[in-house]
Amino acid sequence: MLNYTVRPKCLPHEWEITLSFIKNNTLPLEISLPNWVPGSYLVRDFSRHITSLKAFCNKQPAVLQQKSKNIWTADACEGEWQICYTVYAFDTSVRGAFLNTERGFFDGACLFLRISGCETLPHRLTFEHLPERWQTATSMPQIAPHTFQTASYAEFIDHPFEFGQIEFLEFEAAGIAHRIALSGIYPEFDRNRLISDVQKICAAELAAFPAPAPFSGYLFLLHLGDNIYGGLEHLSSTALQSDRHSLPAAGMKEADDAYTQLLGLFSHEYFHAWNVKSIKPAAFAPYDLNQECYTEQLWAFEGITSYYDDLFLARSGVIAPEAYLKLLGQLISRIRQTPGRLKQSLAESSFTAWNKFYKQDENSSNAIVSYYQKGALAALCLDLTIRRQSNGKTSLDNVMRRLYQDWLEHGTGIPEGGWEARCQEITGLNLEAYFQTALYSTDELPLENCLQSAGITLEWQQPNAAAPIGARFTQHADHAVLTQVLNSSSAENGGLCPHDKIIALNGYACTDLAAQWRKLAVGDSAAVHFFRNGILRQTVLTAQAAEADTAALHIADQRLFENWLFNH
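Residues numbered from 1 in each chain as written. Predicted model: local features only at pLDDT ≥ 70, side-chain atom pairs only at ≥ 80, totals over all residues. Heavy atoms only, no water.

Under an unreviewed UniProt entry, the name given to the protein chain is M61 family peptidase, and the organism recorded is Neisseria lisongii.

In structure tokens:
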């Protein structure tokens, strides 16, 4: 048994931890802290937040030797051990640890040291000196007041905790208890609407997979704040962040954009309970949290999940089918307007997530494509290709159900290339040509033909005005600072670079670059004054013709459309 005692030190933003255990052998001791957290594919070096670390064996100081940035060893010593350490906690994301006088949060991967060789022993967690009015929200099994326990280290770090003033909303789906734990400051909202909509989403996703579900109860930790967004999946819970104004207002009829995005976040992270927490790449079975775990299959775990998250909003009835088509059209447009889709394949995007997708810079839009977004479109095309080639007898839904059944029966990860092979075995179809195009090339996806088979027409619209300037920027009161410059755009052709500070356009102060640029017609020239490295410079940009890169989707055959949307 490993015992962790955790105490909050709110003012310096530190979690104080004591790890106690009995060592019954004469082998050297090795302890470590994960370098990354499952579900977020970036080495985050959590050990950099350890502010003190001491060890004792039989109440005598023991010397710890640091072997790497996150690993320490000590000489052999049998008996009672204590590891005492503190972790600085001021990361407001869903991936880290946070603590102040109002709120506490942590993901176990950034807080709990691992004892080598003891990973399969029970791990117990006890809290001391929590502020009197704080509530606790977690899915970790509770065995006593302020005490929790799991059967292994892997499970121990897969139950995040939220502390503070928490509002709990409860519902059942398929006979399984679900809770939403809301924290932060937020306005009044329609609680019944949120409960009803999330319940419908959960029920629809539970019905999509064979029993048993991968959890016996589920917890959504939802923290509301100012202009925040994100989520991270766990075994039987998820940590979510959203803007406080995304909650449904009283009297809301159709879900607005902000609330739809929030529901999509619920749907996405919940679907991960099957797709990546259960079905997973062999590279993640088990996770090696000391170093990167490379796989070309992230498109299948994040991309397919991103396909189903919005699809289940329509299937569950929380948004109208027409609203779903609007979301799909926006996604298609977003990918079409990303130059990097022509340079990086989905397999490459998946494999290089560690150093490209999660470390984006000013050139990323020109060089990479998102395995979330393009992966969702690849999943859409795969689903419709399977349906068409099988004459409607099977679909991607059947593939996902069978993959989950495989997991229930064998509990093994999918090897590289194994997802495509298993998909063809399940469907009985030859999909090699599709996979080659969608995953291993930079060719355009067959969206028009696939959507047509579902009764949807895809029309590429071209704006009447000139193309945008071709740069992403931050607008200030009297200037705009470029953050990205897109290839072959007016901005790039005019010699502008990221970090240029535009102060004037055709002699007028740059108070709204987007609006000022929209006044130009195709072929018009614009004199641009800007600062680069503190030096005033000038160039001339020419407004280029806009490309037909905005997708408009229309229902051409209602029967085919509904058969795709609801026949699963």
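This is not the end of the story, as more comes after the structure.
Undergrad: Help me get a handle on the overall build of the protein chain, residues and values and all.
TA: Across its full length, the protein chain carries 15 helices and 29 strands. Over its C-alpha atoms, taken along the principal directions, the protein chain stretches across nearly 80 × 65 × 50 Å. In the form shown here, the protein chain has an accessible surface area of approximately 24,200 Å², with 49% of it arising from carbon and sulfur atoms. The centroid of the 44 positive side-chain charges in the protein chain is displaced by 2 Å from the centroid of its 61 negative side-chain charges. (Helix = DSSP H or I, 4+ residues; strand = E, 2+ residues; numbered from the N terminus. Areas by Shrake-Rupley, 256 points an atom, 1.4 Å probe, with all protein chains shown as cover. Lys, Arg positive; Asp, Glu negative; His and termini not counted. Charge placed at Lys NZ, Arg CZ, Asp CG, Glu CD.)

Undergrad: Lay out helix 8 (residues 373-389) with the relevant residues and their values.
TA: Because an α-helix packs 3.6 residues into every turn, residues spaced three or four apart end up facing the same way. Counted at 1.5 Å a residue, the expected span for helix 8 with its 17 residues is 24 Å, and the 24 Å between its end C-alpha atoms agrees. Immediately downstream of helix 8, the backbone of Asn391 shows phi near 55°, a positive value. (Expected span 1.5 Å × (residues − 1).)

Undergrad: Tell me about the side chain of Ser350, and name the residues and values.
TA: Position of Ser350 among the secondary structure elements: in helix 6 (residues 346-351). Residue Ser350 is classed as buried on the basis of its relative accessible area, which comes to 1%. Here Glu296 takes part through its backbone oxygen, which lies 3.4 Å from a polar atom of the side chain of Ser350. A polar side-chain atom of Ser350 sits 3.4 Å from the main-chain amide nitrogen of Leu298. Apart from the residues within four sequence positions on either side, Ser350 is in contact with Thr295, Glu296, Gln297, Leu298, Trp299 and Tyr371. (Buried < 20%, exposed > 50% of the residue type's maximum accessible area, 1.4 Å probe, protein only. Polar contact = N/O pair within 3.5 Å; in protein donor to acceptor, adjacent residues only side chain to side chain. Contact = heavy atoms within 4.5 Å.)

Undergrad: I'd love a proper account of the UniProt feature "domain: Peptidase M61 catalytic" (unreviewed entry) in the protein chain, names of residues and values included.
TA: As recorded in UniProt, the sites labelled "domain: Peptidase M61 catalytic" (unreviewed entry) are residues 262-377. For residues 262-377, the end-to-end C-alpha separation is 20 Å, with 51% helix and 0% strand making up the annotated structure. (UniProt positions renumbered as here; feature names shortened; annotations may be inferred.)

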